[in-house]
Amino acid sequence: MKYIHQLCIIFGVTFLGEFAHALIPLPIPASIYGLVFMLVFLQTGIIKLEWVNSAGNFLLDIMPVMFLPAAVGLINVWGEISSIAFALIAVTLAVNVIVMVVTGRMTQFVLKARSRAQITIKKEEVTYE
């Protein structure tokens, strides 16, 4: 029963994203609206993390299974995309490398900023003592 309640909350926020997509004439997918709504609701405390945590973890666990229909769909259109397969693979690899580099750089930046902030806090603590 707990999972059903949590899934209803998640589906409700997803429906809100679909509703916003129908109302707002921007080329943004409804799923993005739903994710933004969920982020805002979690950050503001309108929805507590424990209200959706178990169902969210379940959905994350079965996520690879959700990609199987898309992979099978690629098999059905292979004749149409085989002529551009090399370009698709090259672009996919390039974008993955770019994402990894940007993520690594941002992580380094955040870790350095956090360590500088901790050093500043420690210096201030020593000064005030």
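Data block above holds the structure.
This section reports on the structure supplied with the text. (Residues numbered from 1 in each chain as written. Predicted model: local features only at pLDDT ≥ 70, side-chain atom pairs only at ≥ 80, totals over all residues. Heavy atoms only, no water.)

## Concerning the nonpolar core
Now for step 1: Ranked by size, the top nonpolar core spans 8 residues in total: Ile-9, Ile-10, Val-13, Met-38, Phe-41, Ile-47, Val-52 and Ala-55.
Now for step 2: Elements with a minimum of two residues in this core: α1 (2–23), α2 (30–44) and α3 (49–61).
Now for step 3: The biggest single contributor to this core is α1, with 3 residues.
Now for step 4: Filtering out sequence-adjacent residues up to four positions away, Val-52 remains in contact with Gln-6, Ile-9, Ile-10, Leu-42 and Ile-47. (Core = buried A, V, L, I, M, F, W, Y, C linked by side-chain atoms within 4.5 Å. Buried < 20%, exposed > 50% of the residue type's maximum accessible area, 1.4 Å probe, protein only. Helix = DSSP H or I, 4+ residues; strand = E, 2+ residues; numbered from the N terminus. Contact = heavy atoms within 4.5 Å.)

## Notes on the environment of Ile-28
Now for step 1: By the element assignment, Ile-28 lies in the loop between α1 and α2.
Now for step 2: The exposure class of Ile-28 is partly exposed, given its relative accessible area of 30%.
Now for step 3: Through-space distance from the C-alpha of Ile-28 to that of Phe-41 is 19 Å; in sequence the pair is 13 residues apart.
Now for step 4: Look past the residues within four positions of Ile-28 in its chain and what remains in contact with it is His-21 and Tyr-33.

## Let's talk about the packing of aromatic side chains
Now for step 1: Inspection of every chain in the model, using the stated rule, returns 2 aromatic pairs.
Now for step 2: Note on Phe-37 and Phe-41: the rings are 6.1 Å apart at their centroids and 15° apart in plane angle, and the pair reads as stacked. Of this pair, Phe-37 and Phe-41 both sit in helix α2, separated by 4 residues, roughly a single helical turn.
Now for step 3: Lying over the aromatic face of Tyr-3, Lys-2 brings its terminal NZ or CZ to 5.7 Å of the ring centre. (Phe/Tyr/Trp six-rings, centres within 6.5 Å; stacked < 30°, edge-to-face > 60°. Lys NZ or Arg CZ within 6 Å of the ring centre and 35° of its normal.)

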